[in-house]
Amino acid sequence: MCRTACQWAGVPVQEGKVRELTKDLGAMFESPAAIGPNHWLGRNARNRVAKWIGELIDEVRNGNMNVPTNIILYRFTQYRDLEGNLLDTNTAAVEVINILRPIVAIAIFINFIMLSLHHFPEEKGKLKSRDEEYAQIFIQEVRRFYPFFPFVTALVKKDFTWNNYKFEEGTLTLLDLYGTNHDPKIWNNPDIFNPDRFTKWEGSPFSFIPQGGGDYFMGHRCAGEWVTLEVMKVSLDYLVNRIEYEIPDQDLNFSMVDIPSIPHSKIVIKNVVTAKVTWLFLTFGEGAL
């Protein structure tokens, strides 16, 4: 995911640095609710990556580094506000990080895809048909059934009343994402993994909230949700149809208080081989497919 994010954004990273960059980007989203040493690991990781990307931005602006004009790195480097001013280097670097970090974070959902295939092996046969519609409802059920962030926290900005409950300014508030996605008032048999529940789902954007609620134009919903869905579909097809692997004994439990939540072992696989695929060649005019 780190390689893909960097390639898409046009951020040059040497192969020998990919693992280090992945670790730093991971620390940023694995430590938002941490305290003590783990919290500072995330802060230090952000500072390192921001400094490095800031240096790239200065190189582009100084003409010492040529990059295509249609990539994200160039666009953020050359972006000007309404008054015609370039973003300061640090702000531009943060915006580039805000592209890289969330793409790498999708790896957590991919872990849960693998866990769902392990927990519910009968689903694999349905997915081998490469039915895109079933793949879509399957990944939606993965996002509903498993936690990414089990909950999110916020401080009340100003007094307000909701459903006859008064929220006072400064109150620490929790939004139970996992609980909402498993609320029996909203979902039939919520503790059963059932992708078919999304076949004709017409629920509220506030009742299915793995990546925030409401409309992402005006509400608090992740603008990268649609990218996440597409990455998950490609990853699902790869895991089901492109490779074969084994999952050895390991700790596949996950915590409902960790932010983000992820299987403790982060899912170790072994004996990975390319799946046997039978190719059908069809001739169309002068081309072959």
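Residues numbered from 1 in each chain as written. Predicted model: local features only at pLDDT ≥ 70, side-chain atom pairs only at ≥ 80, totals over all residues. Heavy atoms only, no water.

Helices and strands together make up the secondary structure of the protein, namely nine helices and 10 strands. In terms of its C-alpha atoms, the protein occupies a principal-axis envelope of roughly 70 × 55 × 40 Å. By sequence separation, contacts in the protein at least 24 residues apart represent 61% of the contacts at least 6 residues apart. Taking the average place of the 30 positive charges on the side chains of the protein and the average place of its 35 negative ones, the gap between the two points comes to 3 Å. (Helix = DSSP H or I, 4+ residues; strand = E, 2+ residues; numbered from the N terminus. Contact = heavy atoms within 4.5 Å. Lys, Arg positive; Asp, Glu negative; His and termini not counted. Charge placed at Lys NZ, Arg CZ, Asp CG, Glu CD.)

Let us look at the pattern of salt bridges. A side chain of one charge can pair with a side chain of the opposite charge if their charged atoms are brought near each other. Scanning all chains against the criterion turns up 13 salt bridges. Measuring nitrogen to oxygen at the nearest pair gives 2.7 Å for the salt bridge that ties Glu225 to Arg143. Of this pair, Glu225 sits in helix H9 (residues 225-242) while Arg143 sits in helix H7 (residues 132-145), and the two are 82 residues apart along the sequence. Summarising the burial analysis for this pair, Glu225 and Arg143 share the class buried. Sharing partners across several salt bridges, the network here consists of Glu132, Glu230 and Lys233. (Salt bridge = Lys/Arg side-chain N within 4 Å of Asp/Glu carboxyl O. Buried < 20%, exposed > 50% of the residue type's maximum accessible area, 1.4 Å probe, protein only.)

Another aspect to go through is the UniProt feature "binding site: heme" (unreviewed entry) in the protein. Sites flagged by UniProt as "binding site: heme" (unreviewed entry) map to Cys222. Structurally, Cys222 is set in the loop between strand E6 (220-221) and H9. Since its relative accessible area comes to 31%, Cys222 is described here as partly exposed. Residues contacting Cys222, with those up to four places away along its chain left out, are Gln211 and Tyr216. (UniProt positions renumbered as here; feature names shortened; annotations may be inferred.)

Leu100, Leu117, Phe138 and Leu236 are the most contacted members of the largest nonpolar core, which has 64 residues in total. Those elements that provide at least two residues to this core are helix H1 (2-9), helix H2 (15-30), helix H3 (37-61), helix H4 (72-78), helix H5 (89-119), H7, H9 and strand E7 (243-246). The element best represented in this core is H5, accounting for 17 residues. Residue contacts for Leu117: discarding those within four places in its chain leaves Leu127, Phe138, Leu236, Leu239, Val240 and Tyr245. (Core = buried A, V, L, I, M, F, W, Y, C linked by side-chain atoms within 4.5 Å.)

Here we come to the side chain of Gln140. Along the chain, the position of Gln140 falls in helix H7. For Gln140, the residues in contact, after removing those within four places along its chain, are Phe198, Phe208 and Leu229.

To continue, consider the packing of aromatic side chains. Under the defined criterion, the tally for this structure stands at 19 aromatic pairs. Centroid distance Phe109 to Phe148: 4.8 Å. Interplanar angle 50°. Geometry classified as tilted. Here Phe109, found in helix H5, pairs with Phe148, found in the loop between H7 and strand E1 (152-155); they are 39 residues apart in sequence, far enough to count as distant. Phe148 shares its class with Phe109; the two are buried. When the centroid spacing of 5.0 Å and the interplanar angle of 70° are considered together, the rings of Tyr165 and Phe167 count as edge-to-face. Here Tyr165 falls in the exposed class, since its relative accessible area comes to 53%. By way of ring pairs, the aromatic residues Phe112, Phe120, Phe138, Phe145, Tyr146, Phe193 and Phe254 are connected into one cluster. Stacked on the ring of Tyr245, the Lys or Arg Lys124 has its end atom at 5.1 Å from the ring centre. (Phe/Tyr/Trp six-rings, centres within 6.5 Å; stacked < 30°, edge-to-face > 60°. Lys NZ or Arg CZ within 6 Å of the ring centre and 35° of its normal.)

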